[in-house]
Amino acid sequence: MSDLRTDQPEETGRWQPSGDRDHHRRAGELTAWELLRWTWRQLTSMRTALILLLLLALGAIPGSVIPQSGVDALKTQNWQAAHPHLTPIYERLSLFSVYHSPWFAAIYLLLMVSLVGCIVPRLFVYWRGYRKQPPVAPRNLTRLPDHASYTTTDQPAVVLQRAAHHLSRRNRVATSSSDDGWGSPEEGGWVSAERGQLREAGNLLFHLSVLVVLVGFGIGSLFGYKGGVILVVGNGFSNTLTQYDDFDPGSLFDADKMEPFCFTVHDFKVQWIDSGPRQGLARGFQAPLTYRRSCQGDPSSWSAEQSYDLRVNHPLSIGGTQIFLIGHGYAPVITVRDGQGHKLYDGPTVFLPESSDFESFGVVKAAGLKAGQDIGLEGLFYPTFALVHGQPINVMGDDKNPTLSMLAYVGDLGLNTGVPQSVYAMDKANMRELKRPDGKMFRVDLQPHETVQLPDGAGSVTFHGVKHWTRLQISRTPDVWITLLGVVLALVGLLASLFIRPRRVWVRARRRDGSTLVEVAALDRSGGGDLAPVLSSVVDSLQGEEGTRA
Amino acid sequence: MSTDLGIGTGTWEHLSNQAIAAAGVVYFLALVAHLVEWSALRTVPIRTTARAAVPAPATAGAPPAGGVAHGAPAGPDESTRFRIEMFANLALMLTIIAAAAHLVALVSRAEAAQRVPWGNMYEFTISGSFVVVAGYLVLRKRFGLAWMGPIVTGLVLVLVMVAVLWLYAPVEPLTEALRSPWLVIHVMSAMIATGAFTLGGITSALYLIRARAEKRGRVAERGYVARLPALSTLDRVSYRIHAFAFPVWTFAVLITGPIWAHQAWSSYWNWDPKEVCAFITWVVYAAYLHARATAGWRGRNAAILALVGVATLWFNFIGINYFSTTSQHSYANGAPASSLVAR
């Protein structure tokens, strides 16, 4: 690289093949332009494309082995905690977000450049070739690997006319004219037929469609968004940023373009499997909801209410936004009062399931009327509680015997510090666990409609009953039709490029010793075809017509 | 089996289990018949059986120039020839019978479950192996695949045994996310592609074996390798099978997959381990198709790529389900956790 002669702009401007002017250069030395040209040639060569494809496959492997933070953040954190030495190295290599890493992007960008550099010149070549006539028949057809010949009494012109007629049905055909050195048609001539040019067209279409898919994919992820929300049955949602529990926008996402719909989940139905190998598991989830396409302005201008049964695999589309049912769980309705009987907390509390039987973990944070008198509850919810040998267990996910079992704390929850807190975790730094007067462990063990008094006169907790919650995913992928169109075109192009067989057939007829020698040859340009049947069909048709006419 | 699914269900499931067992036994017998056929063929030099028990394409079985010198070869005696032909026909008949039993197993499984018979690993394996054997039987004449007989029967026997012994799961209702018309389209196309890729992989493996033997000048007058079709034929057959499977795989992985993923999981492409692996498989086979058009990569290297493709394909099917816990496709371990969609 240091020998690069960039100090001579007149040489970098245009490429000199290897003329005398370059005698002062050392052997193997390239100008910048030559180097660029060479690099471009290398990059757009099939071999490089092949290697980049393999690199892409290789580069995608770590992402299927190492947990990805974009796919499963929790699992990634656990993995990182378990491998403290590897984590910094992996982080430097972006192995926790392989598909957004610079090196992965480098591979596919190079591949795309290579693709464009390969396809564009081929487009021009194809365009020129498409308008050209099929090539002149080779002089010596018997030198081709697939050929046949026979003699007949027909005149060459008759044979050639027949051949042209037969071949022109499914081919583009060119015939000899007298000015190409063949003398008069009585002496002989040729027919050249070509078909299957669409193979290359399909090939080009496929590669261009790959670009269309990527553009569509890019638009979707730049302008789209994905968000999640947990809604307790009976609650409503309107599509604004603040209503989401988690929100993952594309880099060019515009919050003003969010569709102004709103909806209310009225119920959640689930069928529990009571027997069989999947006993205890659930199926047939349904979340009936009502929605309005527009909830902007005052309620009188809202659009009409519509209803929909939201189910797995059956998302609700409102405009370009889709709402998916992706999870469910229990929200016990709990009331917390302080020692004076003031209601500190009241309502359904979302508990997060910890296993497939819906044993769930949750936290209640009740702000006290005075500082230091906050009440916190933390513990488990059992949908179907049972005691087996003194051990509390949960039998199944259905709420046949709902039971709460929590520990109680008093103190300062830190709710007023301004630091955002997760609703699913309690900061116990300034909290004191409540114990029985005799110092033994105290638990809030409740079944529906029961109330328990907290020790030390701290207050009471009431468990009214259970509601369902649903976890909804709301996402918008704008212009997804571009991607879909690209994918379909790619498939069409792929089919054409794999199954159309480009083929050339030539027929030569010449007068010799009072009879006509007919030679037929075929060439499969895809290199995968069996030409024997093609040849015999051409010969048969030429002779067959002869037979019928005779 | 639970009774709430009705009496017929249990009967169908029972029939399915018996049919698959019968298919396994008959595949074994077919394999034995093939082995007898090929062991009998070993005693016969190639030239004398140019058109005997193993119908191969015209270009096939050409002994390499300068092969082992031999005197005027004595033609196989009548009993040997009879034995070869009889066992070749017997093996084919047995394979067809086994495939029929295999099909009965699938149909009755579908009746038992009241859905397509590919809802879990067991069902996918027996369906996929059926595609392999059906593809072999359909293409046998057209591509002259008789030489593939022992390998296909052996492979399908192994797959069926693995399915019955390790993967078996009684008929059960589908996980919620699987209850979709896309189960038919997406999984069926994936299965057809898997079966075809497997056949293509067998052809490519034999290409490599034969290429190696030819390079070392060890293609003898007799033996299995000597009776394989010529390298160019193997390459062409392999290409044509892959050329069929690749668009089907594209359809399964890059079209129906994202559409269904969007419906069930709310995202077209999640970089889920199974998706990644399917994508890798797709890229490897794309590389195979490119390699066949690239100087210096034709033939041997292309065949190696085809084998890498089969390896990623089967790792994706079996490996990901067992080794990856983050995969949303891990239906092998039952419906996971709180989420409706196996997240």
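These numbers come from a predicted model, not from an experiment. (Residues numbered from 1 in each chain as written. Chains lettered and ligands numbered in written order. Predicted model: local features only at pLDDT ≥ 70, side-chain atom pairs only at ≥ 80, totals over all residues. Heavy atoms only, no water.)

**So, the overall build of chain B**
Here is step 1: When helices and strands are counted, chain B shows 8 helices and 0 strands.
Here is step 2: Mapped from its N terminus to its C terminus, chain B presents α and β elements in the order α-α-α-α-α-α-α-α.
Here is step 3: Here chain B holds 343 residues, and the buried ones make up 62% of them.
Here is step 4: A fraction of 80% describes how many contacts in chain B between residues 6 or more apart in sequence connect residues 24 or more apart.
Here is step 5: As displayed, chain B offers around 13700 Å² of accessible surface, 67% of which is attributable to carbon and sulfur atoms. (Helix = DSSP H or I, 4+ residues; strand = E, 2+ residues; numbered from the N terminus. Buried < 20%, exposed > 50% of the residue type's maximum accessible area, 1.4 Å probe, protein only. Contact = heavy atoms within 4.5 Å. Areas by Shrake-Rupley, 256 points an atom, 1.4 Å probe, with all protein chains shown as cover.)

**So, the overall build of chain A**
Here is step 1: A count of helical and extended segments in chain A gives 10 helices and 25 strands.
Here is step 2: A compact globule built from 550 residues would reach a C-alpha radius of gyration of about 24 Å, whereas chain A, at 38 Å, exceeds it by more than 25%.
Here is step 3: For chain A, the spread of C-alpha atoms along the three principal axes comes to 125 × 75 × 60 Å.
Here is step 4: Taken over 550 residues, chain A has a buried fraction of 44%.
Here is step 5: A separation threshold of at least 6 residues defines the contact pool for chain A, and within that pool the share at least 24 residues apart is 62%.
Here is step 6: For chain A, the distance from the average position of its 53 positive side-chain charges to the average position of its 53 negative side-chain charges is 7 Å. (Rg over C-alpha atoms; globule rule 2.2 N^0.38 Å. Lys, Arg positive; Asp, Glu negative; His and termini not counted. Charge placed at Lys NZ, Arg CZ, Asp CG, Glu CD.)

**A short note on the interface of chain B and chain A**
Here is step 1: At the junction of the two partners, chain B supplies 61 residues and chain A supplies 57 residues.
Here is step 2: Both faces considered, chain B and chain A share a buried interface measuring about 5200 Å² in area, 67% of it formed by carbon and sulfur atoms.
Here is step 3: The tally of links between chain B and chain A comes to 0 salt bridges.
Here is step 4: Across the contact surface, chain B and chain A share 4 residue pairs in polar contact (both at pLDDT 80 or more).
Here is step 5: Broken down by secondary-structure element, the contributors of at least two residues to the side of chain B that touches chain A are α6 (231-265) and α7 (273-291) of chain B.
Here is step 6: In terms of residues, the side of chain B that touches chain A owes the most to one element, α6 of chain B, which gives 16 residues.
Here is step 7: Considered class by class, the residues forming the side of chain B that touches chain A number 38 nonpolar, 16 polar and 7 charged. (Buried area = accessible area lost by both parts, 1.4 Å probe. Salt bridge = Lys/Arg side-chain N within 4 Å of Asp/Glu carboxyl O. Polar contact = N/O pair within 3.5 Å; in protein donor to acceptor, adjacent residues only side chain to side chain. Nonpolar A, V, L, I, M, F, W, Y, C, P; charged D, E, K, R; others polar.)

**Some words on the sheet that holds strand β25 (residues 515-524) of chain A**
All names here are of chain A.
Here is step 1: Pairing in this open sheet of 5 strands is antiparallel, and the strands run β1-β25-β24-β3-β2 from one edge to the other. With partners counted over all chains shown, the strands left at the sheet margins are β1 (147-152) and β2 (172-175), one partner each. The average angle at which neighbouring strand axes cross in this sheet is 15 degrees, direction not considered.
Here is step 2: Here strand β3 (residues 188-195) pairs with strand β24 (residues 503-512) via 8 bridges, running antiparallel. Across the sheet, the residue bridging to glycine 189 is alanine 509, located in β24. (Pairing = 2+ DSSP bridges. Axes fitted to C-alpha atoms, helices over the stretch in contact; angles between N-to-C directions.)

**Things to note about helix α9 (residues 480-499) of chain A**
Here is step 1: Between its terminal C-alpha atoms α9 of chain A stretches 29 Å, which fits the 28 Å expected from 20 residues at 1.5 Å a residue.
Here is step 2: Of the positions making up α9 of chain A, those classed as buried are Ile482, Thr483, Gly486, Val487, Ala490, Leu491, Gly493, Leu494, Ala496, Ser497 and Leu498 of chain A.
Here is step 3: Tucked inside the fold, the buried residues of α9 of chain A contact α8 (198-223) of chain A together with α6 and α7 of chain B. (Expected span 1.5 Å × (residues − 1).)

**Thoughts on the packing of α9 of chain A against α6 of chain B**
Here is step 1: Relative orientation of the contacting elements α9 of chain A and α6 of chain B amounts to 175 degrees, with a least axis distance of 10 Å. As the angle between them shows, α9 of chain A and α6 of chain B are arranged roughly antiparallel. Residues Leu484, Val487, Leu491, Leu494, Leu495, Leu498 and Phe499 of chain A of α9 of chain A pack against Tyr239, Ala243, Phe244, Phe246, Pro247, Thr250, Phe251, Leu254, Ile255 and Ile259 of chain B of α6 of chain B.
Here is step 2: Across the contact of α9 of chain A with α6 of chain B, the residue classes break down as 16 nonpolar, 1 polar and no charged. (Parallel < 35°, antiparallel > 145°, perpendicular 65-115°, else oblique.)

**Digging into unusual backbone geometry**
Negative phi values dominate among residues other than glycine, just as trans dominates among peptide bonds.
Here is step 1: You will see that aspartate 456 of chain A, though not glycine, has its phi angle at about 60 degrees, which is positive.
Here is step 2: Here aspartate 456 of chain A shows up in the loop between β22 (450-454) and β23 (459-476).
Here is step 3: Phi is positive for serine 266 of chain B, close to 75 degrees, though the residue is something other than glycine.
Here is step 4: One can find serine 266 of chain B in the loop between α6 and α7.

**Here's the deal with the nonpolar core**
Here is step 1: By size, the foremost hydrophobic cluster in this structure holds 150 residues, and its most contacted members are Phe263, Ile323, Leu472 and Ile474 of chain A together with Tyr27, Val152 and Trp249 of chain B.
Here is step 2: If we ignore the near neighbours within four places in the chain, the residues touching leucine 472 of chain A are Gly227, Gly228, Val229, Leu231, Phe263, Val265, Leu310, Ile323, Phe324 and Leu325 of chain A. (Core = buried A, V, L, I, M, F, W, Y, C linked by side-chain atoms within 4.5 Å.)

**Looking at the pairing of β25 of chain A**
Residue and element names in this part refer to chain A.
Here is step 1: Where burial is concerned, most of β25 is hidden: 8 out of the 10 residues are buried.
Here is step 2: Pairing analysis gives 6 bridges linking β1 to β25, with the strands arranged antiparallel. What sits directly across from threonine 151, in β25, is leucine 517.
Here is step 3: Bridge analysis of β24 against β25 gives 10 bridges, and the strand direction is antiparallel.

**What about the confidence of the model for chain A?**
Note that predicted coordinates carrying low pLDDT should not be read in detail.
Here is step 1: On average, residues of chain A score 83 in pLDDT, and 91% of them are at 70 or above.
Here is step 2: Below a pLDDT of 50 lies the segment residues 546-550 of chain A, which in the model reaches 6 contacts outside its immediate sequence neighbourhood of four places, other chains included. (pLDDT = per-residue confidence, 0-100.)

**Details of the packing of aromatic side chains**
Here is step 1: Taken as a whole and assessed by the stated rule, the structure comprises 34 aromatic pairs over all chains.
Here is step 2: Centre to centre, the rings of phenylalanine 261 of chain A and phenylalanine 263 of chain A are 6.3 Å apart; their planes meet at 20 degrees, and the pair counts as stacked. With respect to class, phenylalanine 261 of chain A is no different from phenylalanine 263 of chain A; both count as buried.
Here is step 3: An aromatic cluster is defined as three or more aromatic residues linked by ring pairs; in this entry it consists of Tyr99, Trp103, Phe104 and Tyr108 of chain A together with Trp269, Trp271 and Phe279 of chain B.
Here is step 4: The ring of tyrosine 130 of chain A carries arginine 172 of chain A above its face, with NZ or CZ at 5.8 Å from the centroid. (Phe/Tyr/Trp six-rings, centres within 6.5 Å; stacked < 30°, edge-to-face > 60°. Lys NZ or Arg CZ within 6 Å of the ring centre and 35° of its normal.)

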